[in-house]
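Residues per chain are reported as follows:
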Amino acid sequence: MQALLVAVVVLPLLGSAAALLPAPPGLKGRDPGQAVQRHGVTVTGAVLAASVVLALGFDTGRPGTMQAESDVEWIPSLGIHLHLGVDGVSLPLLVLTALLTFLCALHSYGTHVRTGPASAGGPDADQDAGPGRPAGAAAAPRDGGPQAFVALILLLEAGTLATFATLDLLLFFLAFETVLVPMYFLIARWGVADPRERAAAAWKFILYTLLGSVVMLLGLLLIGLKSGTFDMVALATDSHPGLSRTTQILAVLAIGAGLAVKTPMWPLHSWLPDAHTAAPTVGSVLLAGVLLKMGTYGFVRILLPVAPDGMRVFAPYLAALAVTGIVYGSLACLALARPGADGDLKRLIAYSSVGHMGFVLLGIATMTPTGVNGALFANIAHGLITGLLFFLVGALKERAGSTGLDALSGETGGALYGTAPRFGGLLAFAAVASLGLPGLAGFWGEMLALLGAYDPAGGLSRPAFITYMAIGGLGTLLTAAYMLVVVRRVCMGDPLEERGDADHRERWQLRDPEPGTSPRPESPGEHPAPATVRLPDVRGYEYAAWTPLVVLTVAAGLWPALLLGLTDPAVQNLLPGVAR
């Protein structure tokens, strides 16, 4: 088991280096891009298989203890070890990371095979093509090629897996920072916005996260130097007199600030909508599905067990900021969803992540097993559901040439239910899962987080947390409101009376290979005749990439004990003397 965990972490790193090498003569395929995309699928598939075997070999009888543990001295003078291990908290995140990265590689390969060598600049290159421009034309001026793209995806996977597997504070920091470089280049070079917007979004992402990381490093060093060890297991289980209440408060302030940026927590969230809007499809999937979880994981793995006194001081403020983010994210989405607001669907989903991660932070702030289990469940649910949403929005932009809600609701006329019924059904499924429909994965995490706020840990103000619970409950209603508006507009289309504006575009302008029969309106305000344009429905490789997310969303919603049975014992061990 130890060798298996090491392989899960090291394989993507080796695969990243191998992706930059020339393909062997017998494996070149139709073009060099196809060979390296196939390499990405192979490596990520092997990592996923290893992580599944690791999960199957996990002793569910003792999920609260570290398993597959390996500890090798790395820098003796600083007391830094290559210490790896998994428990019920980290194992689900490890498998989620391997799954999403494999699905991203599979989706990229399918896109490359369909569009051909013209999309060598990256799997989303054709999404920049506008009317009159061939698919893949936007890729020409971009630096790098599929080799660099696949190498960056694998490097990002290696950093993320190492973050969830490492048990040394400084090694955690190194892995935490490793993911920044590949995500920066994925946004800056392979994003779907124009070059200036891509560069601005990438710089905003890197500056926010780097500044947060500098502060976090100071907190990690403070804990390590005051306690005499950087080992997370020793810090969580042993008594360390050097970690006084004042030290814990300073550590929580410093480390929490860095983790809050990555989560992201309101008001440190402003880099997220720009990054998502500019990122390629697979970049958005990995950013929302995996990278955001690194911040909340740090709260649970490091701050709750190591600095409980400091967390108790800041928990009410963390909860207040969390529920503010829930309401703010929902109101921002409602503003983007209304007709005439020129809202972007991809940006709307990015703002929805601010609200959903607010529920995760609220659960953590309760410092109870119920709340923290809800936070960990919501982490996984958000990764599955939002990953599916970003896959769908990326495919929608490829088909319609836009993710603008006003354009989509008007241009598609009868909308996705009529033009691409399976695609529309999947989008509606992901939307109702995101709003927390009972029976799907999104329900349990938010419900448990609110339930934890009803009865917080000892020493926390119950009236204050009941107020936070009520505000969070309001956030669930607002979430349902904007998601249903999105489904109505994108899947059903705006009512005809809302299409009479002279600037409104109808389906005759769609950038779709199958032309419609609707004539152009003769004069402003005139309704066009019914059109027969049909957007391409779900393709084979898209079924392969999206079906696992749908199945797991349903499975987690119907059988929550599968996940809670893993996390609860580990959470109980991480909260000694904190929860009542």
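Quick caveat, the model's predicted, so the values are computed rather than measured.

**Let's talk about the side chain of His 356**
By the secondary structure assignment, His 356 is in helix H13 (residues 345–366). A residue is classified by how much of its surface remains accessible, and His 356, at 9% relative accessible area, is buried. Those residues in contact with His 356, other than ones at most four positions away along the chain, are His 382, Ser 434, Glu 446, Thr 479 and Tyr 482.

**Describing the packing of helix H12 (residues 308–337) against H13**
Relative orientation of the contacting elements H12 and H13 amounts to 155 degrees, with a least axis distance of 7 Å. Put simply, H12 runs roughly antiparallel to H13. In this structure, the crossing between H12 and H13 has a hand that is left-handed. Residue classes in the contact of H12 with H13 are distributed as 20 nonpolar, five polar and one charged.

**Some remarks on helix H21 (residues 561–574)**
Counted at 1.5 Å a residue, the expected span for H21 with its 14 residues is 20 Å, and the 19 Å between its end C-alpha atoms agrees. Bending of H21 peaks at approximately 25 degrees at the position of Thr 567, with proline Pro 569 no more than four residues after it. When H21 is considered as a whole, its buried residues turn out to be Leu 563, Leu 566, Thr 567, Ala 570, Val 571 and Leu 574.

**Details of the confidence of the model for the protein**
Looking at the protein as a whole, its pLDDT mean stands at 83, while 84% of the residues score no less than 70. Mean pLDDT values for the elements of the protein range from 72 in helix H15 (residues 405–411) up to 93 in helix H18 (residues 441–454). Throughout residues 125–143 the model reports pLDDT below 50, and contacts reaching past four residues in sequence, or to other chains, amount to 41 contacts.

**Structural notes on a nonpolar patch on the surface**
Taken together, the side chains of Val 72, Trp 74, Leu 82 and Leu 174 define a hydrophobic patch exposed on the protein surface, amounting to about 350 Å² of accessible area. For Trp 74, the position within the fold is in strand S1 (residues 67–75).

**Notes on unusual backbone geometry**
Going from Thr 263 to Pro 264, the amide bond is cis rather than trans, its omega being -10 degrees. Mapped onto the elements, Pro 264 comes out in the loop between helix H9 (245–262) and helix H10 (271–278). Positive phi outside glycine occurs at Met 367, with the angle close to 60 degrees.

**A look at the packing of H13 against H18**
Running from N to C, H13 and H18 point in directions that differ by 40 degrees, and their axes come no closer than 8 Å. Crossing hand, H13 versus H18: left-handed. For the pair H13 and H18, the contacting residues are His 356, Phe 359, Leu 362, Gly 363 and Thr 366 in the first and Glu 446, Ala 449, Leu 450, Gly 452 and Ala 453 in the second. Split by residue class, the contact of H13 with H18 holds five nonpolar, four polar and one charged.

**Quick look at the pairing of strand S2 (residues 80–86)**
With five of seven residues buried, S2 is to be regarded as a mostly interior element. Across six bridges, the pairing between S1 and S2 is antiparallel. Its bridge partner lying in S2, Asp 71 is registered against His 83. The turn linking S1 back onto S2 is made up of four residues, and Gly 79 within it adopts a positive phi angle of 70 degrees.

Calculation notes
Residues numbered from 1 in each chain as written. Predicted model: local features only at pLDDT ≥ 70, side-chain atom pairs only at ≥ 80, totals over all residues. Heavy atoms only, no water. Helix = DSSP H or I, 4+ residues; strand = E, 2+ residues; numbered from the N terminus. Buried < 20%, exposed > 50% of the residue type's maximum accessible area, 1.4 Å probe, protein only. Contact = heavy atoms within 4.5 Å. Axes fitted to C-alpha atoms, helices over the stretch in contact; angles between N-to-C directions. Parallel < 35°, antiparallel > 145°, perpendicular 65-115°, else oblique. Left-handed = near helix turned anticlockwise from the far one by under 90°. Nonpolar A, V, L, I, M, F, W, Y, C, P; charged D, E, K, R; others polar. Expected span 1.5 Å × (residues − 1). Bend = angle between axes of the 7 residues up to and from the residue. pLDDT = per-residue confidence, 0-100. Patch = residues over 30% accessible without salt bridge, like charges linked within 9 Å, V, L, I, M, F, W, Y side chains within 5 Å. Areas by Shrake-Rupley, 256 points an atom, 1.4 Å probe, with all protein chains shown as cover. Salt bridge = Lys/Arg side-chain N within 4 Å of Asp/Glu carboxyl O. Pairing = 2+ DSSP bridges.

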